[in-house]
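Commentary on secondary and tertiary structure
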Amino acid sequence: MSEFDYRGPVKLVVFDWAGTTVDFGCFAPVAPFIQVYADSGIEVTMEQARGPMGMHKKDHIRVLGQLPEVGQQWQLIHNRPFVEDDVDELYQRLLQPEVTQAIAEASGLIPGMIEAAKRLRKRGVKIGATTGYFRDAAKGVVDRAARKGYAPDISLCVDDVPTGRPAPWAMFAIMRELDVYPPSAVVKVGDTVPDIGEGRNAGAWTVGITRTGNDVGLTQEQLASLSDAERKQRIDAAGKNLLAAAHRLAAYIYKETPVDPEIPYLLLTPGPLTTSRTVKEVMLSDFCTWDNDYNDIVTDIRQRLVKLATASDDYTSVLMQGSGTFSVEATIGSVIPPAGKILIVNNGAYGNRMVQIARRLNIDCVELKLPEVRPADIEKIATALAADNSITHVGMVHCETSTGMLNPAEEVGKLTREHGRVYILDAMSSFGGIPMTMESTGADFLVSSANKCIQGVPGFGFVIGKRSLLEDSKGWARSLSLDLYDQWWEMESKHGKWRYTSPTHVVRAFARALDELDSEGGVAVRYERYRENHRRLVAGYEQLGFRPLLPAEWRSPIITSFLYPEDPSFTFDTFYAAMKKRRFVLYPGKVSDADTFRVGTIGHVYPEDIDELVAATAAAVEELNLKIAAA
Ligand SMILES: *Cc1c(COP(=O)(O)O)cnc(C)c1O
């Protein structure tokens, strides 16, 4: 794992005070603003006073004074505009002991806060707090909370930092004081946008609190007295406002604990899979498709894909919008002539999908149905080919992602070539992760997609194919949008242009993913990492008592199927939830006659992650009280 790509547990949660941990509805800071303006003869409404909540209180006063309604009243009563000296004067009044005392008194703990803090401590998570309150008010609130049983390790207020929210300085000071880094190990929890902004600007994860916060602005009793529809409407409105800034929302501190924000979990599912932060970051900007900047990227990707698969000039590549299946369908639907016939080897769900595609497109198809838990039987394929001279094409899946089975792609390629047939290989989940070439596999068309071993995000697939065969296929496609030839010709003749809107963000992320494949050391090095992931997974899971579906010699390093344990209390749903809570997302099984679940080992996932996975699984097994220990 890259040190800049932290994905470990949360180490520190920094809470806001009013509206988040104390002062249900966030009232305490509102009244003083209304009061100091009222003392100057100006009427400020509750709603106006709540507007800038979360800011430094002095900034808050200034923003209120700059409201047109307030400015007009000021002009009328004081015969001059509201100026910076007025901000100072009103702020001084806010600092009076009566005001700070009133704030502290109105700052009761929000129900559940003590339990939330306890649960964090139990997990070794540190607790910090920041507030927009000035020092005296903050002190009153902090002391009162401590007397009631909630005491963060450190609490900073605006007077402790050079500039208040949304500047991140209080967050950084807390992280420094508690020696916690990187920022992605930190969660900021608050109920206002400036509050979330403080977390964002510090590079932390952020959780917006709706129900008890300033944006809903009701006491517990007021909220309870609303109809369900009204309550929902107010909470949703607050959520909409906050979600523009925050990563996640929680209605309430304890029930939907920010300790378990589902961020950032590890996808152990082969597509979509875990991608690097840098691949995701590329997608933060929009990109036009009309000029060479973009089309150069597409052209470059096409060339690099061919280079990954062969050194020969006889091959070319096509990118196709959609998920991987779209590219399989585009290939089957386009490269088989009207009178052609395809033999499809089916020993799993993806082989089965190829059969479905051929039948749906009315393509003459011979299905060779073989057992799911054995590699494709070469003898049977040979017999089927020998028996039927009218078969023009052979289709097979390389790694059957449904079981994790690695089929003998090379032997089938050799056989297909000997018989003079065209070979379509679905290498969706293996290309880029297992060394292979067009020559070694014998594939005439090799299909894969962006979100598998190249470690991009979902959105398009690609086909690497023999140029002469593709040229022959002009006019054969059974579909307009999935016409492989037309798509290829557009890209070929118009320098990387796609027919129809292209997935620009995905394409650029894919280019970045190809760079990262290179910098990792290429496919051979990636393959070793996947193998090590797989080795540690199987060793760790066997130690816990889980049994892989397949024997070692047939397994791929891509994904592994495990049999359900015999304990009758095991259900995939509860196991899945217990693992997701621990930040690992597993995959349900896809085998017809065995109960299995699957764990993918491809993507931006490293052997240390797998060690953590095994430890998390042991904890989940214990929590669920599963009896699976090996005899
Ligand atoms: C992922 C995958 C596909 C394509 O599935 P989509 O859901 O369409 O992306 C096809 N074949 C295999 C072997 C796969 O692993």
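Cut-off values and rules
Residues numbered from 1 in each chain as written. Predicted model: local features only at pLDDT ≥ 70, side-chain atom pairs only at ≥ 80, totals over all residues. Heavy atoms only, no water. UniProt positions renumbered as here; feature names shortened; annotations may be inferred. Near = heavy atom within 4 Å. Polar contact = N/O pair within 3.5 Å; in protein donor to acceptor, adjacent residues only side chain to side chain. Areas by Shrake-Rupley, 256 points an atom, 1.4 Å probe, with all protein chains shown as cover. Helix = DSSP H or I, 4+ residues; strand = E, 2+ residues; numbered from the N terminus. Domains from an automatic or database assignment. Expected span 1.5 Å × (residues − 1). Buried < 20%, exposed > 50% of the residue type's maximum accessible area, 1.4 Å probe, protein only. Contact = heavy atoms within 4.5 Å. Phe/Tyr/Trp six-rings, centres within 6.5 Å; stacked < 30°, edge-to-face > 60°. Salt bridge = Lys/Arg side-chain N within 4 Å of Asp/Glu carboxyl O. Pairing = 2+ DSSP bridges. Axes fitted to C-alpha atoms, helices over the stretch in contact; angles between N-to-C directions. Arc of directions from axis to C-beta. Core = buried A, V, L, I, M, F, W, Y, C linked by side-chain atoms within 4.5 Å.

- As annotated in an unreviewed UniProt entry, the protein chain carries the name 2-aminoethylphosphonate--pyruvate transaminase and comes from Cladocopium goreaui.
- According to UniProt, the comment filed for the protein chain under the heading Cofactor (unreviewed entry) is "pyridoxal 5'-phosphate".
- Among the UniProt annotations of the protein chain, the heading Catalytic activity (unreviewed entry) holds the following wording: "(2-aminoethyl)phosphonate + pyruvate = phosphonoacetaldehyde + L-alanine".

Things to note about the site of the ligand
- Inspection of the region around the ligand gives Ser323, Gly324, Thr325, Tyr350, Arg353, Val397, Cys399, Thr401, Asp426, Met428, Ser429 and Lys452 as its neighbouring residues.
- Threonine 401 is positioned such that a nitrogen or oxygen atom in its side chain is 2.4 Å from an oxygen atom of the ligand.
- One of the side-chain nitrogen or oxygen atoms of aspartate 426 is found 2.7 Å away from a nitrogen atom of the ligand.
- With the chains in place, 87% of the 380 Å² that the ligand exposes on its own is no longer accessible.
- Elements with a contribution of two residues or more to the shell around the ligand: helix H15 (324–335) and helix H16 (349–360).

Quick word on the domain arrangement of the protein chain
- Taken domain by domain, the protein chain comprises domain 1 (12–25 + 106–250), domain 2 (30–104), domain 3 (278–519) and domain 4 (523–624).
- Between the C-alpha centres of domain 2 and domain 4 the distance comes to 59 Å.

As for helix H22 (residues 504–520)
- Taking 1.5 Å per residue, 17 residues should reach 24 Å; H22 reaches 24 Å between its end C-alpha atoms and fits that length.
- Among all positions in H22, only Thr504, Val506, Val507, Arg508, Ala509, Phe510, Ala511, Ala513, Leu514, Glu516 and Leu517 are buried.
- Check the buried side of H22 and you find it contacts helix H13 (277–281), helix H14 (292–309), strand E16 (460–466) and helix H23 (523–544).
- Glycine 521 lies just past H22 and shows a positive phi near 120°.

With respect to the packing of aromatic side chains
- What the rule picks out here adds up to 24 aromatic pairs.
- Here tyrosine 541 and phenylalanine 597 contribute two aromatic rings whose centre-to-centre distance is 6.5 Å and whose plane-to-plane angle is 55°, an arrangement assigned as tilted. Linking tyrosine 541 in helix H23 with phenylalanine 597 in strand E20 (residues 596–600), this pair joins segments that are 56 residues apart in sequence.
- The class for tyrosine 541 is buried, based on a relative accessible area of 0%.

Here we look at the pattern of salt bridges
- On inspection of all chains with the given rule, the structure shows 35 salt bridges.
- The shortest N-O distance in the salt bridge between arginine 121 and aspartate 153 comes to 3.0 Å. Of this pair, arginine 121 sits in helix H7 (residues 113–122) while aspartate 153 sits in the loop between helix H8 (135–148) and strand E3 (154–156), placing them 32 residues apart in sequence.
- Judged by its relative accessible area of 35%, arginine 121 is partly exposed.
- In this structure aspartate 153 comes out as partly exposed when scored by relative accessible area, which is 39%.
- As a salt-bridge pair, aspartate 518 and arginine 304 come within 3.2 Å of each other at their nearest N and O atoms. Of this pair, aspartate 518 sits in helix H22 while arginine 304 sits in helix H14, and the two are 214 residues apart along the sequence.
- Relative accessible area serves as the criterion here: at 17%, arginine 304 is assigned to the buried category.

Some remarks on the sheet that holds strand E9 (residues 341–346)
- In space, the seven strands of this open sheet follow the order E8-E16-E15-E14-E11-E9-E10, with mixed pairing throughout. Each end of this open sheet is capped by a strand with a single partner; those strands are strand E8 (315–321) and strand E10 (364–369). Strand-to-strand, the axes of this sheet are offset by a mean angle of 20°, without reference to chain direction.
- Against the sheet, H16 makes contact with E9, E10, strand E11 (393–397) and strand E14 (422–426), and its axis sits at roughly 155° relative to E9, the strand it touches most.

A few points about H8
- Between its first and last C-alpha, H8 extends 20 Å over 14 residues, near the 20 Å set by a 1.5 Å rise per residue.
- Those residues of H8 that fall on the buried side of the exposure criterion are Ala137, Ala138, Val141 and Ala145. Viewed end-on, H8 has its buried residues packed into an arc of 100°, placing them on one side of the element. Counted as exposed and oriented over 90 degrees from the buried face of H8: Lys139 and Arg147.
- Those residues of H8 hidden inside the fold are in contact with helix H6 (97–105).
- Remark: glycine 149 follows H8 within two positions and exhibits a positive phi of approximately 115°.

Let's talk about the nonpolar core
- One finds Leu319, Ile332, Phe431, Phe460, Phe462 and Phe510 to be the most contacted residues of the largest nonpolar core, which totals 87 residues.
- With eight residues, the single largest contributor to this core is H22.
- Residue-level mapping places this core at the junction of two domains, with at least three residues from each of domain 3 (278–519) and domain 4 (523–624).
- Beyond its immediate stretch of four places on either side in the chain, phenylalanine 460 contacts Leu319, Met320, Gln321, Gly322, Ser449, Ala450, Trp498, Pro503, Val506, Val507 and Phe510.

Comments concerning the pairing of strand E17 (residues 559–563)
- Among the five residues of E17, five are classified as buried, and the element is accordingly described as predominantly covered.
- The alternating pattern of E17 places Ile559, Ser561 and Leu563 on one face and Thr560 and Phe562 on the opposite face, and all of these are buried.
- As paired elements, E17 and E20 share five bridges and run antiparallel to each other. Residue pairing across strands places threonine 560 opposite valine 599, the latter belonging to E20.

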